[in-house]
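Summary of the model geometry
So you can see what is in the structure, the chains are spelled out below.
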Amino acid sequence: MSWDDRQRAMLAEMGYRLPARPAGGAPVALAPAQDEPEPIDVAAPPVPVLRVSPPVSPPVRPPVAAPVPVSRAPSGFDTLDLPALREAVAVCQGCGLCEQRRHAVFGSGAVAQASWLVVTDPPDEADDATGEHLGADAGRLLDRMLHAAGQRRSGEEATAFVTPLVKCRPPRGRAPQPAELDACDAVLARQVDVLQPRVVLAMGLQAARRLTGSTEPLGRLRGRVHRWRGLPVVVTFAPGYLLRSGADKAAAWDDLCLAARTGDAA
Ligand code: SF4
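Predicted model, so just to flag it, every value in this text is computed and none were measured.

Topic: helix α4 (residues 137-148)
- Between the first and last C-alpha of α4 there are 17 Å, a value that for 12 residues agrees with the 16 Å anticipated at 1.5 Å per step.
- Listed in full, the buried residues belonging to α4 are A138, G139, L141, L142, M145 and L146. One side of α4 holds all its buried residues, which, seen down the axis, span an arc of 160°. Exposed positions of α4 whose direction lies more than 90 degrees from the buried face are R144 and H147.
- For α4, the secondary structure elements touched by its buried residues are β2 (116-120), β3 (160-164), β4 (199-203), α8 (239-244) and α9 (249-265).
- Just past α4, the residue G150 takes up positive phi, approximately 85°.

Re helix α5 (residues 178-195)
- The first and last C-alpha atoms of α5 sit 25 Å apart over 18 residues, in line with the 26 Å expected at 1.5 Å per residue.
- At D185, α5 shows its maximal bend, which comes to roughly 35°.
- Considering only its buried residues, α5 is in contact with α2 (82-90), β2, β3, α6 (205-212), β5 (225-228) and β6 (231-236).
- The first or second residue beyond α5 is Q196, which carries a positive phi of 50°.

A short note on the side chain of T120
- Locating T120 in the fold gives a position in strand β2.
- In terms of polar contacts, T120 uses its side chain to reach the side chain of H133, at 2.5 Å.
- Ignoring sequence-local partners within four residues, the contact set of T120 consists of H133, L134, V162, T163, P164, L165, M203 and A207.

Side note on the site of the ligand
- Taken together, V89, C92, G94, C95, L97, C98, R101, K167, C168, A183 and C184 are the residues near the ligand.
- Tallied by class, the residues present in the shell around the ligand amount to 8 nonpolar, 1 polar and 2 charged.

Side note on unusual backbone geometry
- With a phi angle near 55°, R172 is a residue other than glycine that sits in the positive phi range.
- Examined against the element boundaries, R172 turns out to sit in the loop between β3 and α5.
- Although it is not a glycine, Q196 sits at a positive phi angle of roughly 50°.
- Along the chain, Q196 falls in the loop between α5 and β4.
- Here Q196 falls in the partly exposed class, since its relative accessible area comes to 45%.

Section: the sheet that holds β5
- Read across the open sheet, the 6 strands follow the order β1-β3-β2-β4-β6-β5; overall the sheet is mixed. The sheet is open, and its two borders are formed by β1 (108-109) and β5, each paired with just one other strand.
- Relative to β4, α6 is tilted by about 135°, and along the sheet it contacts β2, β4, β5 and β6.

Focus on the pairing of β3
- Most of β3 is tucked away, with 5 of its 5 residues classed as buried.
- Burial of β3 is two-sided: the residues A160, V162 and P164 facing one way and the residues F161 and T163 facing the other way are all buried.
- Sheet topology note: the β2/β3 ladder contains 5 bridges and is parallel. In the sheet register, V119 faces β3, and the bridge partner there is T163.

Some details on the packing of α2 against α5
- It is the contact of α2 with α5, at a shortest axis distance of 11 Å, that shows an interaxial angle of 170°. When the interaxial angle is binned, α2 and α5 end up roughly antiparallel. Together, L82, L85 and V89 of α2 and V187, R190, Q191, V194 and L195 of α5 make up the contact between the two elements.
- Its residues assigned to classes, the contact of α2 with α5 comprises 6 nonpolar, 1 polar and 1 charged.

Focus on the pairing of β5
- Where burial is concerned, the two faces of β5 differ: the one with H226 and W228 is buried and the one with V225 and R227 is not.
- Pairing of β5 with β6 involves 4 bridges; the strand directions are antiparallel. Looking across to β6, one finds that H226 is bridged to V233.
- The turn joining β5 and β6, which pair antiparallel and follow one another in sequence, is formed by 2 residues; a positive phi near 50° is taken by R229.

Analysis parameters
- Residues numbered from 1 in each chain as written.
- Predicted model: local features only at pLDDT ≥ 70, side-chain atom pairs only at ≥ 80, totals over all residues.
- Heavy atoms only, no water.
- Helix = DSSP H or I, 4+ residues; strand = E, 2+ residues; numbered from the N terminus.
- Expected span 1.5 Å × (residues − 1).
- Buried < 20%, exposed > 50% of the residue type's maximum accessible area, 1.4 Å probe, protein only.
- Arc of directions from axis to C-beta.
- Contact = heavy atoms within 4.5 Å.
- Bend = angle between axes of the 7 residues up to and from the residue.
- Polar contact = N/O pair within 3.5 Å; in protein donor to acceptor, adjacent residues only side chain to side chain.
- Near = heavy atom within 4 Å.
- Nonpolar A, V, L, I, M, F, W, Y, C, P; charged D, E, K, R; others polar.
- Pairing = 2+ DSSP bridges.
- Axes fitted to C-alpha atoms, helices over the stretch in contact; angles between N-to-C directions.
- Parallel < 35°, antiparallel > 145°, perpendicular 65-115°, else oblique.

Geometric descriptors of this kind do not, in isolation, establish any biological role.
Structure representation (structure tokens):
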């Protein structure tokens, strides 16, 4: 076969190079060009490369501590005298009741030994506002009752100490929860240790139930002597209740007489 110049140009475009035209026009064999491109394997399309990203680890979070049960029972009270204990109670964070209190209510009365320890229900709103316990009509009634029983909670001759069961007011006047009562026991226990009372008068249902360990109605707890921390306990009505229920004042007087006899015999 002979190739004219136009055919040669086309073959060259397709990648074939013809040898130089021999002299005399003899036919030449078709040979692949030296710079032949690599054949393309159309039967095997390029396999897409699957790129696998390395696994993404979830963000590392700092370990979350397990909830710690609230246990802030006050400690270190057992060496304090009354003034130091009062200061400690004012800033006490022994239970959750500290969070909403305006003033802790320590109580008042004898500064050294007391014949009577009067334990009342928790502070009310007026107590919380002033830090003074039973300062209004209920307090005056209690003072008259104590005076009639031969006791005083004010002045240098004070022989009684009056304190609430817990020193901080529970929100909305609810009853203190067991953990709050347990926490504040440390304060009450130290008051007992310092004052060394001969008898304890529990005034009100919450104080009566806590000190007797009973869930009986207050009326069933009255009229007998219970024991708490080795001390005799007599139960009677709360001063605030007696303000509203004059009919029970005679019964309360019986309770105070029982407390007086019990204290005298102790
Ligand atoms: S109620 Fe008692 S234990 Fe609780 S914070 Fe007040 S003083 Fe402390």
